[in-house]
Amino acid sequence: SDPAVRSHRADVSVIGGTPAGVAAAIAAAREGLHVVLVEPSQHLGGLMTSGLGATDIRPNGTVGGLFRRFVSSVHRHYVETYGPDSEQVRDSRAGYRFEPSVAERLLEELIAGQPNLEVWRGWRLAWQGGPSLREGGRWLVESAPGADPASPDGTAERRVTAVVLDALDERG
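Residues numbered from 1 in each chain as written. Predicted model: local features only at pLDDT ≥ 70, side-chain atom pairs only at ≥ 80, totals over all residues. Heavy atoms only, no water.

On to the overall build of the chain. Within the chain, the regular secondary structure consists of four helices and six strands. Secondary structure of the chain in N-to-C order comes out as β-α-β-α-α-α-β-β-β-β. Out of the 172 residues in the chain, the part that is buried amounts to 42%. When the accessible surface of the chain is summed, it comes to about 9400 Å², and 51% of that surface belongs to carbon and sulfur atoms. (Helix = DSSP H or I, 4+ residues; strand = E, 2+ residues; numbered from the N terminus. Buried < 20%, exposed > 50% of the residue type's maximum accessible area, 1.4 Å probe, protein only. Areas by Shrake-Rupley, 256 points an atom, 1.4 Å probe, with all protein chains shown as cover.)

Below is the structure:
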């Protein structure tokens, strides 16, 4: 163990703060697992918050779970901000179209109430040890080059995790 690295443990690491990554992290946290959601950039939401402000799910009635909650929150945002008969509400198509900044704020709100969920921004997935898990290897989450992890003394931070879920999008 490297003394210059501060290590922590987690049950699950979800790599990628995409909508799928956020949903997976929330689901695991709701089951009582200690989860770290690792986003290499500083923003959650993947393509939804990077300019793709619409979904192409049809029919809309098939949507449930966290995504239904998200869509309802988008719709409520536009109704409360601009009024129920506004052009913005019509343009949002019941919450399936949205501004990226609105989507990111609402995703942040979804994870805010999860006490077992930490979000690490500017981090990456790394491998350490042997060539396979059976041969002594393990997955780690560590600070990415140039990242500024929350370590006041400059010590590198590393999260050892039992389960890794890859939720990176095509940018990842």
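Right, let's get into the nonpolar core. Membership of the largest hydrophobic core comes to 28 residues, with the highest contact counts inside it found for Val 14, Ile 26, Val 35, Leu 37, Phe 70, Phe 98 and Leu 117. Those elements giving two or more residues to this core turn out to be strand 1 (5–15), helix 1 (19–30), strand 2 (35–39), helix 2 (65–82) and helix 4 (100–112). Excluding its chain neighbours within four sequence positions, the residues that come into contact with Leu 37 are Val 14, Gly 16, Gly 17, Gly 21, Val 22, Ala 25, Leu 44, Leu 117, Glu 118, Val 119 and Trp 120. One finds Ala 10, Val 36, Val 38 and Trp 123 within the second-largest nonpolar core, a separate group that totals six residues. (Core = buried A, V, L, I, M, F, W, Y, C linked by side-chain atoms within 4.5 Å. Contact = heavy atoms within 4.5 Å.)

For the rest of this paragraph, the subject is the pairing of strand 2. Of all five residues in strand 2, five are buried; the element is thus mostly enclosed. Here strand 2 shows no split at all, with Val 35, Leu 37 and Glu 39 on one side and Val 36 and Val 38 on the other all buried. The pairing of strand 2 with strand 3 (residues 117–121) spans five bridges and is classified as parallel. Looking at the pairing, Val 35 lines up with Leu 117 of strand 3. (Pairing = 2+ DSSP bridges.)

Even without being glycine, Arg 93 reaches a positive phi, approximately 45°. Among the residues examined, Arg 93 registers a relative accessible area of 47% and is labelled partly exposed. The residue Ala 94 is not glycine, and still its phi comes out positive at about 65°. In this structure, Ala 94 sits in the loop between helix 3 (87–91) and helix 4. By relative accessible area, Ala 94 is classed as partly exposed at 44%.

What follows is about the pattern of salt bridges. With the rule as written, the count across this model stands at two salt bridges. One salt bridge in this structure joins Glu 109 and Arg 105, with 2.7 Å as the shortest N-O distance. Here Arg 105 and Glu 109 lie together in helix 4, a separation of four residues that amounts to about one turn. Overall, the relative accessible area of 45% leaves Glu 109 in the partly exposed class. Given a relative accessible area of 36%, Arg 105 falls into the partly exposed group. Note that Glu 108 is salt-bridged to Arg 121, the shortest N-O span being 2.9 Å. (Salt bridge = Lys/Arg side-chain N within 4 Å of Asp/Glu carboxyl O.)

Attention shifts here to the packing of aromatic side chains. Applying the stated criterion across every chain, the model contains four aromatic pairs. For the pair Tyr 78 and Tyr 82, a centre-to-centre distance of 6.1 Å together with 20° between the ring planes defines the contact as stacked. Placement of the pair is Tyr 78 and Tyr 82 together in helix 2, with a separation of four residues, close to one helical turn. (Phe/Tyr/Trp six-rings, centres within 6.5 Å; stacked < 30°, edge-to-face > 60°.)

The subject of this paragraph is the packing of helix 2 against helix 4. In contact at an axis separation of 10 Å, helix 2 and helix 4 are set at 125° when each is read in the N-to-C sense. Our classification of the angle between helix 2 and helix 4 gives oblique. Pair helix 2 / helix 4 crosses with right-handed handedness. Taken together, the residues of helix 4 that come into contact with helix 2 (itself represented by Leu 66, Arg 69, Phe 70, Ser 73, Val 74, His 77 and Tyr 78) are Val 102, Ala 103, Arg 105, Leu 106, Leu 107 and Leu 110. Considering only residue class, the contact of helix 2 with helix 4 consists of nine nonpolar, two polar and two charged. (Axes fitted to C-alpha atoms, helices over the stretch in contact; angles between N-to-C directions. Parallel < 35°, antiparallel > 145°, perpendicular 65-115°, else oblique. Left-handed = near helix turned anticlockwise from the far one by under 90°. Nonpolar A, V, L, I, M, F, W, Y, C, P; charged D, E, K, R; others polar.)

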